[in-house]
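Structure at a glance
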Amino acid sequence: GVPKELVRDFEVELLNGDRIVSRRVVKDNYLRLVRVDFEGEICDAVRVTVRATNGAPEARIFEARIYG
């Protein structure tokens, strides 16, 4: 089965100052490695917001890689 602590629903936002440049929403995830692709948007920050896990009361992200 799917581990309870695995992040199920989340969103990734690209920010430029206080403005959201782009957003991707991922729902019903069951994979440990998730790729979220953006097409060349310019940003100075990335925000990941976890909305739900697969049952655990808290979520942890162990690694995020961002390539330009």
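Check the entry above for the structure.
Moving on: the overall build of the chain. If you tally the helices and strands in the chain, you get zero helices and three strands. Overall, the C-alpha framework of the chain stretches about 40 × 20 × 20 Å when taken along its three principal axes. Counting every atom, the chain has about 5600 Å² of accessible surface; 48% of that belongs to carbon and sulfur.

The next subject is the layout of surface pockets. The volume enclosed by the largest pocket comes to roughly 1300 Å³. Taken together, 32 residues form the lining of the largest pocket, with Val34, Arg35, Glu63, Ala64 and Arg65 sitting closest to its centre. Counting only elements with at least two residues in the lining of the largest pocket, the list comes to strand 1 (7-16) and strand 3 (45-53). Looking at the lining of the largest pocket, its residues break down into 20 nonpolar, three polar and nine charged.

This next bit is on the pairing of strand 2 (residues 19-26). Bridging between strand 1 and strand 2 involves seven bridges; their strand directions are antiparallel. Each residue of the ladder has a partner; that of Glu11, found in strand 2, is Val25. Here strand 1 folds back onto strand 2, and the loop between the two strands holds two residues, one of which, Gly17, carries a positive phi near 70 degrees.

Cut-off values and rules
- Residues numbered from 1 in each chain as written.
- Predicted model: local features only at pLDDT ≥ 70, side-chain atom pairs only at ≥ 80, totals over all residues.
- Heavy atoms only, no water.
- Helix = DSSP H or I, 4+ residues; strand = E, 2+ residues; numbered from the N terminus.
- Areas by Shrake-Rupley, 256 points an atom, 1.4 Å probe, with all protein chains shown as cover.
- 1 Å grid on protein atoms, 1.4 Å probe; cavity = no way out; pocket = protein on both sides within 12 Å on 5 of 7 lines; lining within 4 Å.
- Points joined across faces, edges and corners; volume = space filled by probe spheres on them.
- Nonpolar A, V, L, I, M, F, W, Y, C, P; charged D, E, K, R; others polar.
- Pairing = 2+ DSSP bridges.

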